[in-house]
Amino acid sequence: MSEIALRTITGVLMILTALTAEWFGGTAFAILVAAAATAIYYEWAKMVRGWGLGWHLSGFVFALLPALSLLWVRERAGVPAGSQGFELVLWAFIVTWSADIGAFFTGRTFGGPKLAPTISPNKTISGLIGGLITATLLGGIWAQNQGLHWAWLLLAPIFAFAAAIGDLFESWMKRRAGVKDSGRILPGHGGVFDRLDGLVPVAVLTAVGVMAGLG
(Lines give C-alpha, C1' and ligand atoms only; values in the text may rest on other atoms or scores of the structure.)
Protein backbone atom coordinates (compact mmCIF):
# COMPACT_ATOMS: atom_id res chain seq x y z
CA MET A 1 0.00 0.00 0.00
CA SER A 2 1.33 3.45 -0.93
CA GLU A 3 2.10 6.04 1.72
CA ILE A 4 -0.65 8.37 0.46
CA ALA A 5 -3.23 5.55 0.54
CA LEU A 6 -2.21 4.62 4.08
CA ARG A 7 -2.34 8.26 5.19
CA THR A 8 -5.76 8.66 3.58
CA ILE A 9 -7.28 5.59 5.22
CA THR A 10 -5.92 6.51 8.64
CA GLY A 11 -6.99 10.12 8.18
CA VAL A 12 -10.55 9.16 7.23
CA LEU A 13 -10.84 6.86 10.24
CA MET A 14 -9.58 9.61 12.56
CA ILE A 15 -12.04 12.12 11.12
CA LEU A 16 -14.97 9.69 11.44
CA THR A 17 -14.01 8.94 15.04
CA ALA A 18 -13.77 12.63 15.93
CA LEU A 19 -17.07 13.48 14.21
CA THR A 20 -18.91 10.61 15.87
CA ALA A 21 -17.67 11.55 19.35
CA GLU A 22 -18.43 15.21 18.74
CA TRP A 23 -21.93 14.38 17.54
CA PHE A 24 -22.76 12.49 20.74
CA GLY A 25 -20.91 14.94 22.98
CA GLY A 26 -20.93 14.28 26.70
CA THR A 27 -18.94 11.29 27.90
CA ALA A 28 -18.05 10.07 24.40
CA PHE A 29 -16.44 13.36 23.44
CA ALA A 30 -14.78 13.77 26.84
CA ILE A 31 -13.17 10.33 26.57
CA LEU A 32 -11.81 11.05 23.09
CA VAL A 33 -10.46 14.47 24.08
CA ALA A 34 -8.89 13.09 27.27
CA ALA A 35 -7.26 10.25 25.34
CA ALA A 36 -5.88 12.68 22.75
CA ALA A 37 -4.54 15.05 25.42
CA THR A 38 -2.90 12.16 27.28
CA ALA A 39 -1.24 10.95 24.07
CA ILE A 40 0.01 14.44 23.24
CA TYR A 41 1.59 14.83 26.65
CA TYR A 42 3.11 11.33 26.55
CA GLU A 43 4.70 11.99 23.14
CA TRP A 44 5.82 15.47 24.23
CA ALA A 45 7.42 14.04 27.37
CA LYS A 46 9.38 11.49 25.36
CA MET A 47 10.75 14.17 23.05
CA VAL A 48 11.80 16.58 25.81
CA ARG A 49 13.47 13.97 28.02
CA GLY A 50 16.56 15.67 29.40
CA TRP A 51 15.39 19.18 28.46
CA GLY A 52 14.46 20.13 32.02
CA LEU A 53 11.38 20.26 34.22
CA GLY A 54 10.06 23.42 32.55
CA TRP A 55 9.54 21.59 29.30
CA HIS A 56 7.54 18.85 31.02
CA LEU A 57 5.34 21.38 32.78
CA SER A 58 4.86 23.27 29.52
CA GLY A 59 3.82 20.04 27.83
CA PHE A 60 1.18 19.43 30.49
CA VAL A 61 -0.30 22.89 29.88
CA PHE A 62 0.07 22.46 26.11
CA ALA A 63 -2.03 19.29 26.21
CA LEU A 64 -4.52 20.44 28.86
CA LEU A 65 -5.54 23.86 27.52
CA PRO A 66 -6.90 22.73 24.11
CA ALA A 67 -8.64 19.77 25.75
CA LEU A 68 -10.45 22.02 28.22
CA SER A 69 -11.20 24.50 25.44
CA LEU A 70 -12.86 21.90 23.22
CA LEU A 71 -14.87 20.41 26.07
CA TRP A 72 -16.04 23.82 27.26
CA VAL A 73 -17.06 25.02 23.82
CA ARG A 74 -18.82 21.73 22.96
CA GLU A 75 -20.82 21.59 26.18
CA ARG A 76 -22.16 25.11 25.58
CA ALA A 77 -24.35 23.73 22.78
CA GLY A 78 -27.76 25.28 23.41
CA VAL A 79 -26.80 26.51 26.89
CA PRO A 80 -27.58 29.34 27.16
CA ALA A 81 -30.20 29.32 24.45
CA GLY A 82 -28.68 30.07 21.06
CA SER A 83 -25.18 28.88 21.93
CA GLN A 84 -23.59 26.90 19.10
CA GLY A 85 -21.07 24.72 20.84
CA PHE A 86 -21.40 21.75 18.50
CA GLU A 87 -21.16 23.90 15.39
CA LEU A 88 -18.12 25.80 16.67
CA VAL A 89 -16.13 22.73 17.63
CA LEU A 90 -16.83 21.33 14.19
CA TRP A 91 -15.79 24.68 12.70
CA ALA A 92 -12.45 24.37 14.54
CA PHE A 93 -12.04 20.86 13.13
CA ILE A 94 -12.90 21.99 9.60
CA VAL A 95 -10.46 24.91 9.66
CA THR A 96 -7.63 22.77 11.04
CA TRP A 97 -8.21 19.76 8.77
CA SER A 98 -8.77 21.79 5.61
CA ALA A 99 -5.67 23.91 6.27
CA ASP A 100 -3.58 20.76 6.70
CA ILE A 101 -5.03 18.93 3.69
CA GLY A 102 -4.96 22.03 1.49
CA ALA A 103 -1.34 22.72 2.40
CA PHE A 104 -0.32 19.11 1.74
CA PHE A 105 -1.81 18.85 -1.74
CA THR A 106 -1.02 22.42 -2.82
CA GLY A 107 2.57 22.05 -1.70
CA ARG A 108 2.98 18.74 -3.53
CA THR A 109 1.39 20.17 -6.67
CA PHE A 110 3.10 23.54 -6.96
CA GLY A 111 6.22 23.23 -4.80
CA GLY A 112 8.27 26.40 -4.84
CA PRO A 113 10.18 28.24 -2.10
CA LYS A 114 10.43 26.52 1.26
CA LEU A 115 8.50 27.98 4.18
CA ALA A 116 11.01 27.15 6.91
CA PRO A 117 13.75 24.95 5.43
CA THR A 118 15.78 24.69 8.62
CA ILE A 119 12.75 23.52 10.61
CA SER A 120 10.60 21.57 8.16
CA PRO A 121 12.20 21.16 4.70
CA ASN A 122 9.05 19.73 3.09
CA LYS A 123 6.77 22.68 3.82
CA THR A 124 6.43 25.34 1.13
CA ILE A 125 5.03 28.84 0.92
CA SER A 126 2.60 27.65 -1.76
CA GLY A 127 1.39 24.99 0.67
CA LEU A 128 0.79 27.58 3.36
CA ILE A 129 -1.18 29.78 0.96
CA GLY A 130 -3.18 26.81 -0.29
CA GLY A 131 -3.99 25.80 3.27
CA LEU A 132 -5.15 29.30 4.19
CA ILE A 133 -7.39 29.51 1.13
CA THR A 134 -8.89 26.06 1.70
CA ALA A 135 -9.56 26.75 5.37
CA THR A 136 -11.14 30.12 4.59
CA LEU A 137 -13.43 28.65 1.93
CA LEU A 138 -14.56 25.59 3.86
CA GLY A 139 -14.66 27.33 7.23
CA GLY A 140 -16.61 30.18 5.66
CA ILE A 141 -19.12 27.85 4.01
CA TRP A 142 -19.73 26.04 7.30
CA ALA A 143 -20.04 29.29 9.26
CA GLN A 144 -22.56 30.71 6.79
CA ASN A 145 -24.63 27.54 6.55
CA GLN A 146 -24.82 27.17 10.34
CA GLY A 147 -25.61 30.82 11.01
CA LEU A 148 -22.44 31.47 12.99
CA HIS A 149 -21.32 35.01 13.72
CA TRP A 150 -19.84 36.65 10.61
CA ALA A 151 -16.56 37.19 12.45
CA TRP A 152 -15.76 33.47 12.20
CA LEU A 153 -15.36 33.88 8.44
CA LEU A 154 -12.70 36.54 9.01
CA LEU A 155 -11.05 34.44 11.70
CA ALA A 156 -10.73 31.33 9.51
CA PRO A 157 -7.46 32.34 7.75
CA ILE A 158 -6.02 33.68 11.02
CA PHE A 159 -6.76 30.45 12.84
CA ALA A 160 -5.45 28.44 9.88
CA PHE A 161 -2.20 30.39 10.10
CA ALA A 162 -2.08 29.62 13.83
CA ALA A 163 -2.49 25.93 12.94
CA ALA A 164 0.50 26.23 10.60
CA ILE A 165 2.54 27.80 13.41
CA GLY A 166 1.56 24.92 15.68
CA ASP A 167 2.74 22.48 13.03
CA LEU A 168 6.05 24.29 12.64
CA PHE A 169 6.56 24.40 16.39
CA GLU A 170 6.18 20.64 16.64
CA SER A 171 8.54 20.21 13.67
CA TRP A 172 11.11 22.31 15.54
CA MET A 173 10.69 20.14 18.62
CA LYS A 174 11.16 16.94 16.60
CA ARG A 175 14.25 18.34 14.91
CA ARG A 176 15.76 19.30 18.26
CA ALA A 177 14.88 15.87 19.69
CA GLY A 178 16.29 14.12 16.62
CA VAL A 179 13.11 12.19 15.79
CA LYS A 180 11.07 11.93 12.59
CA ASP A 181 7.67 11.51 14.26
CA SER A 182 6.32 12.12 17.74
CA GLY A 183 5.07 8.52 17.88
CA ARG A 184 4.03 5.50 15.82
CA ILE A 185 0.44 4.89 16.85
CA LEU A 186 -1.15 6.27 13.65
CA PRO A 187 -0.13 4.39 10.48
CA GLY A 188 1.14 6.80 7.85
CA HIS A 189 0.91 9.76 10.20
CA GLY A 190 3.20 9.02 13.15
CA GLY A 191 1.96 10.10 16.54
CA VAL A 192 -1.14 11.82 17.88
CA PHE A 193 0.88 15.00 18.44
CA ASP A 194 1.88 14.89 14.76
CA ARG A 195 -1.77 15.09 13.76
CA LEU A 196 -3.10 17.44 16.40
CA ASP A 197 -0.32 20.03 16.56
CA GLY A 198 -2.37 22.43 14.45
CA LEU A 199 -5.60 21.87 16.41
CA VAL A 200 -3.97 22.92 19.68
CA PRO A 201 -3.87 26.68 18.95
CA VAL A 202 -7.14 26.59 16.99
CA ALA A 203 -9.00 24.98 19.90
CA VAL A 204 -7.72 27.57 22.37
CA LEU A 205 -8.43 30.48 20.02
CA THR A 206 -11.96 29.17 19.37
CA ALA A 207 -12.63 29.21 23.12
CA VAL A 208 -11.27 32.76 23.27
CA GLY A 209 -13.65 33.74 20.47
CA VAL A 210 -16.59 32.29 22.36
CA MET A 211 -15.55 34.12 25.53
CA ALA A 212 -15.42 37.31 23.44
CA GLY A 213 -19.11 36.86 22.64
CA LEU A 214 -18.93 35.22 19.20
CA GLY A 215 -20.63 31.97 20.16
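Structure shown above.
Residues numbered from 1 in each chain as written. Predicted model: local features only at pLDDT ≥ 70, side-chain atom pairs only at ≥ 80, totals over all residues. Heavy atoms only, no water.

Asker: Would you explain the packing of helix 1 (residues 3-24) against helix 4 (residues 85-110) in this entry?
Answerer: Two quantities define a packed helix pair, namely the angle between the axes and the distance from one axis to the other. As a packed pair, helix 1 and helix 4 sit with axes 11 Å apart at the nearest point and diverge in direction by 170°. Between helix 1 and helix 4, the interaxial angle falls into the category roughly antiparallel. Here I4, R7, I15, A18, L19, E22 and W23 of helix 1 come into contact with helix 4, specifically with G85, F86, V89, L90, F93, W97, F104 and R108. Residue composition of the contact of helix 1 with helix 4, grouped by class: 11 nonpolar, one polar and three charged. (Axes fitted to C-alpha atoms, helices over the stretch in contact; angles between N-to-C directions. Helix = DSSP H or I, 4+ residues; strand = E, 2+ residues; numbered from the N terminus. Parallel < 35°, antiparallel > 145°, perpendicular 65-115°, else oblique. Contact = heavy atoms within 4.5 Å. Nonpolar A, V, L, I, M, F, W, Y, C, P; charged D, E, K, R; others polar.)

Asker: Could you clarify how one ought to interpret the pairing of strand 2 (residues 120-124) in this entry?
Answerer: For a regular strand, side-chain orientation follows a simple rule: the groups alternate between the two sheet faces. Pairing between strand 1 (residues 114-116) and strand 2: two bridges, direction antiparallel. Following the sheet pairing, A116 is matched in strand 2 by S120. Joining the antiparallel neighbours strand 1 and strand 2 is a turn of three residues. (Pairing = 2+ DSSP bridges.)

Asker: Looking at this structure, I do not really get helix 1. What am I missing?
Answerer: Residues separated by three or four positions in an α-helix point in the same direction, a consequence of the helix having 3.6 residues per turn. Spanning 22 residues, helix 1 covers 32 Å between terminal C-alpha atoms, matching the ideal 32 Å at 1.5 Å per step. Three or more residues of helix 1 are buried, namely T10, G11, A18, A21 and E22. For helix 1, the arc enclosing every buried residue in end-on projection is 105°, short of the 170-degree limit, so these residues lie on one face. Facing away from the buried side of helix 1 by more than 90 degrees, the exposed set consists of L13, W23 and F24. Of the surrounding elements, those touching the buried residues of helix 1 are helix 2 (26-47), helix 3 (53-74) and helix 4. (Expected span 1.5 Å × (residues − 1). Buried < 20%, exposed > 50% of the residue type's maximum accessible area, 1.4 Å probe, protein only. Arc of directions from axis to C-beta.)

Asker: What exactly am I supposed to notice about the packing of aromatic side chains here?
Answerer: The way to describe two aromatic rings as a pair is by their centre distance and the angle between their planes. Counted under the stated rule, the structure contains 17 aromatic pairs. Consider the rings of W44 and F62, whose centres lie 4.9 Å apart with planes at 35°: the pair is tilted. Here the residue W44 occupies a position in helix 2, and F62 occupies one in helix 3, the gap between them amounting to 18 residues. Given a relative accessible area of 2%, W44 falls into the buried group. (Phe/Tyr/Trp six-rings, centres within 6.5 Å; stacked < 30°, edge-to-face > 60°.)

Asker: Any chance you could explain the side chain of K174 here in plain terms?
Answerer: Note on placement: K174 falls in helix 6 (residues 151-177). At 3.0 Å, the side chain of K174 forms a polar contact with the side chain of D194. Setting aside residues no more than four positions away along its own chain, K174 makes contact with M47, V179, K180, D181, S182 and D194. (Polar contact = N/O pair within 3.5 Å; in protein donor to acceptor, adjacent residues only side chain to side chain.)

Asker: Got a minute to help me understand the nonpolar core in this structure?
Answerer: Across soluble globular proteins, nonpolar side chains show a tendency to be buried alongside one another. Counting residues in hydrophobic clusters, the biggest one holds 48 residues, and the most contacted among them are W91, F93 and W152. At the level of secondary structure, the elements contributing two or more residues to this core comprise helix 1, helix 2, helix 3, helix 4, helix 5 (125-145), helix 6, helix 7 (192-196) and helix 8 (199-214). Top contributing element to this core by residue count: helix 4, with 10 residues. Not counting chain neighbours up to four residues away, the residues in contact with W152 comprise L88, W91, A143, F159, T206, G209, V210 and L214. (Core = buried A, V, L, I, M, F, W, Y, C linked by side-chain atoms within 4.5 Å.)

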